[in-house]
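Reading the structure
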Amino acid sequence: TKCESGCVCADGLYENLDGRCVPAEECPCEYGGLAYGKGEQIQTECDICTCKKGKWKCVQKSVCSSTCNLYGEGHITTFDGQRFVFDGNCEYILAMDGCSINRPVSSFKIVTENVICGKSGVTCSRSISIYLGNLTFILRDETFTISGENPGVQYNVKKNALHLMFDVIIPGKYNMTLIWNKHMNFFIKISRETQETICGLCGNYNGNMKDDFETRSKYVASNELEFVNSWKENPLCGDVYFVVDPCSKNPYRKAWAEKTCSIINSQVFSACHNKVNRMPYYEACVRDSCGCDIGGDCECMCDAIAVYAMACLDKGICIDWRTPEFCPVYCEYYN
């Protein structure tokens, strides 16, 4: 409606992020603060999105998966993305099916056993048990054992310097990838071919994080501790009534924890900052680094940073953050 001085693109052309006028076919798309050219793709766990004329065109994958993370001293991110922390010296059900009251038969159950690993009372996952009918995997002391058999389950075990990985297929029901870093971090990635209900500390996997605190008795708990206590494998274990703040108990460790964990906020991870919210991972790193005071301090800190690096990798951002002086990975014997 009024004349303004300046430059405009000619009809049919549009200004791109470099300030050049380009046809619509060459317009970039934006995601997480980064620009992508025409034809470039980004992938999430459920979608493949392609940049066309400045807009993302997304196609849903035929198989959609979700991951539950258990890491450090009781940090959990559920299948639907809910986060919480708990300290409990007991066995807890992470995930299982057959949760409905009228169909209590489960084809899989994954249990974590927590033990105290700090003077302040913090716990860390040390032992994982995976029950697949008569087939059982026990993950403990940086190794694993397999007992029993189940002809209805296919599985494959892979190893590298950092992880043990179990690919498990329950035909017609689930494809699972279980990743354990032989210490405190455990990831359960599930894609399912059935609408069977899943339950446990990893939530109910229904796409809604608001009802993830569903207890064994099928009601939504008012807080996470009530929820956690309901999923004890052994009812004789004591309930958890509060979550320890290790940095308050060990204030002399807080400055060291904040300094070492600050790599998450630094330029090293800058390419990932727009893709994955770093603050929950930084706070978890500081908490764990304060809490590991009986030994393995650096291991706790490195494991916490590795979880953020893995979340970045899931978004297609590979961060080379380890060095010979900082959280090194030693080569395997003769490798």
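An unreviewed UniProt entry annotates the protein as MUC6 protein originating from Probosciger aterrimus.

A few words on the overall build of the protein. When its secondary structure is counted, the protein shows six helices and 20 strands. With the C-alpha coordinates aligned to their principal axes, the bounding extent of the protein is approximately 80 × 50 × 50 Å. Residues classed as buried in the protein amount to 44% of the 335 residues present. Considering only contacts in the protein between residues 6 or more positions apart, those separated by 24 or more positions represent 48%. When the accessible area of the protein is evaluated, it comes to approximately 17,700 Å², of which 51% is carbon and sulfur surface. Each charge class in the protein was averaged separately, 33 positive and 41 negative side chains, and the resulting centres sit 2 Å apart.

Under the criterion given, the structure shown has 10 disulfides. Bridging C90 to C237, the disulfide has an S-S length of 2.2 Å. Judged by the sign of its S-S torsion, about 90 degrees, the cystine formed by C90 and C237 is right-handed. Within this pair, whereas C90 is found in the loop between β10 (83–85) and β11 (91–97), its partner C237 is found in the loop between α1 (224–230) and α2 (246–249), the two being separated by 147 residues in sequence.

The domain boundaries assigned to the protein delineate domain 1 (13–60), domain 2 (65–230) and domain 3 (246–315). Here the C-alpha centroids of domain 1 and domain 2 sit 37 Å apart.

Further remarks concern the sheet that holds strand β17 (residues 164–170). Read from one edge to the other, the open sheet built from seven strands follows the order β10-β9-β8-β19-β18-β17-β16, with strand pairing classed as antiparallel. Of all the strands in the sheet, the pair left with one neighbour each is β10 and β16 (154–159). Adjacent strand axes in the sheet meet at a mean angle of 15 degrees when their direction is disregarded. For β17 and strand β18 (residues 174–180), the ladder comprises seven bridges, and the chain directions are antiparallel. Bridge pairing links M165 to I179 in β18.

We now examine unusual backbone geometry. Even without being a glycine, E142 presents a positive backbone phi close to 65 degrees. Position of E142 relative to the elements: it lies in the loop between β14 (135–140) and β15 (143–147). Taking relative accessible area as the criterion, E142 reaches 48% and is therefore assigned partly exposed. Although it is not a glycine, K182 adopts a positive phi angle of roughly 70 degrees.

So, about helix α3 (residues 251–261). Every buried residue of α3 is listed here: R253, A257, T260 and C261. On an axial view of α3, the arc spanned by its buried residues comes to 85 degrees, and they lie on one face. Exposed residues pointing more than 90 degrees away from the buried face of α3 are listed as P251, Y252, A255 and K259.

Once that is clear, we can look at the sheet that holds strand β6 (residues 47–52). With respect to topology, three strands assemble into an open sheet ordered β5-β6-β7, the strand pairing being antiparallel. The open sheet has two edge strands with one neighbour each: β5 (41–43) and β7 (55–60). Here the strands of the sheet are splayed against their neighbours by 25 degrees on average, with no regard to which way each runs. Alignment of β6 against β7, held across six bridges, turns out to be antiparallel. What sits directly across from C49, in β7, is C58.

Looking now at the side chain of T50. In this fold, T50 is placed in strand β6. We classify T50 as buried; its relative accessible area is 17%. Apart from residues no more than four positions distant in its own chain, T50 is found in contact with G39, E40, Q41, K55, W56 and K57.

Rules and cut-offs
Residues numbered from 1 in each chain as written. Predicted model: local features only at pLDDT ≥ 70, side-chain atom pairs only at ≥ 80, totals over all residues. Heavy atoms only, no water. Helix = DSSP H or I, 4+ residues; strand = E, 2+ residues; numbered from the N terminus. Buried < 20%, exposed > 50% of the residue type's maximum accessible area, 1.4 Å probe, protein only. Contact = heavy atoms within 4.5 Å. Areas by Shrake-Rupley, 256 points an atom, 1.4 Å probe, with all protein chains shown as cover. Lys, Arg positive; Asp, Glu negative; His and termini not counted. Charge placed at Lys NZ, Arg CZ, Asp CG, Glu CD. Disulfide = S-S within 2.5 Å. Domains from an automatic or database assignment. Pairing = 2+ DSSP bridges. Axes fitted to C-alpha atoms, helices over the stretch in contact; angles between N-to-C directions. Arc of directions from axis to C-beta.

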